[in-house]
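If you want the building blocks of each chain, they are given just below.
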Amino acid sequence: DAFEGIGIHVQKVEAGPFQSYNSGVAEDKALKPDDFIVVVNGKTETADMVEELKTADRVVVQVQRPSALTVRIKKRGDKMGISLRYQDHVSTVVLISQLETSGAVPDYNAATEKKNRVKVFDFIKAVNGSSGS
């Protein structure tokens, strides 16, 4: 699993137990697209979490909600300076798995405030307005 140790990426919440849960809680407590389920009934391995979601009569989940940051990076030459991982047909985001020492992203990071820097384990949701599906 490309995102092992990070969680299960929620793409949408369809009819079922999570939608029922969402209808009874405040908006900030609802499970939303782009959340990550990181624990299910005490399980943290992706395969174990999926199994619990499929088979358990009751689930207790822990969710992490990422914050969004829009950055504008000027690509000079042909190197972005990052390594990526993705889950084909499973997730619509791409994980930054490594920052290299040179390239457009390291150049951007060197010129911006720490809070706005691109980091390992950040996710890319869209590039130039295009997103995965």
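Keep in mind the model is a prediction, meaning the values are calculated, not measured.

1. As for the overall build of the chain
Turning to step 1, where the next piece is worked out: Helix and strand content of the chain: three helices and eight strands.
Turning to step 2, where the next piece is worked out: Its helices and strands in sequence order give the chain the pattern β-α-β-α-β-β-β-α-β-β-β, from N to C terminus.
Turning to step 3, where the next piece is worked out: The principal-axis extent of the C-alpha atoms belonging to the chain is close to 55 × 30 × 25 Å.
Turning to step 4, where the next piece is worked out: Of all 133 residues assigned to the chain, the portion counted as buried reaches 26%.

2. A word on the sheet that holds strand β2 (residues 36–40)
Turning to step 1, where the next piece is worked out: Pairing in this open sheet of three strands is antiparallel, and the strands run β1-β2-β3 from one edge to the other. Edge positions in the open sheet fall to β1 (8–9) and β3 (61–64), since each of these has one partner strand only.
Turning to step 2, where the next piece is worked out: Sheet strands in contact with helix α2 (residues 46–55) are β1, β2 and β3, and its direction is about 80° off that of β2.

3. Regarding the sheet that holds strand β6 (residues 123–124)
Turning to step 1, where the next piece is worked out: Strand order in this open sheet of three strands is β4-β5-β6, and the pairing throughout is antiparallel. Edge positions in the sheet fall to β4 (82–86) and β6, since each has one partner strand and no second.

4. What to know about the pairing of strand β5 (residues 94–99)
The two faces of the sheet receive side chains in turn, since in a regular strand these alternate between them.
Turning to step 1, where the next piece is worked out: As paired elements, β4 and β5 share five bridges and run antiparallel to each other. When the sheet's bridge partners are listed, I82 is paired in β5 with L99.
Turning to step 2, where the next piece is worked out: Bridge count for β5 against β6 is two bridges, and the pairing is antiparallel. Its bridge partner being in β6, V94 is matched across the sheet by I124.

Basis of the calculations
Residues numbered from 1 in each chain as written. Predicted model: local features only at pLDDT ≥ 70, side-chain atom pairs only at ≥ 80, totals over all residues. Heavy atoms only, no water. Helix = DSSP H or I, 4+ residues; strand = E, 2+ residues; numbered from the N terminus. Buried < 20%, exposed > 50% of the residue type's maximum accessible area, 1.4 Å probe, protein only. Pairing = 2+ DSSP bridges. Contact = heavy atoms within 4.5 Å. Axes fitted to C-alpha atoms, helices over the stretch in contact; angles between N-to-C directions.

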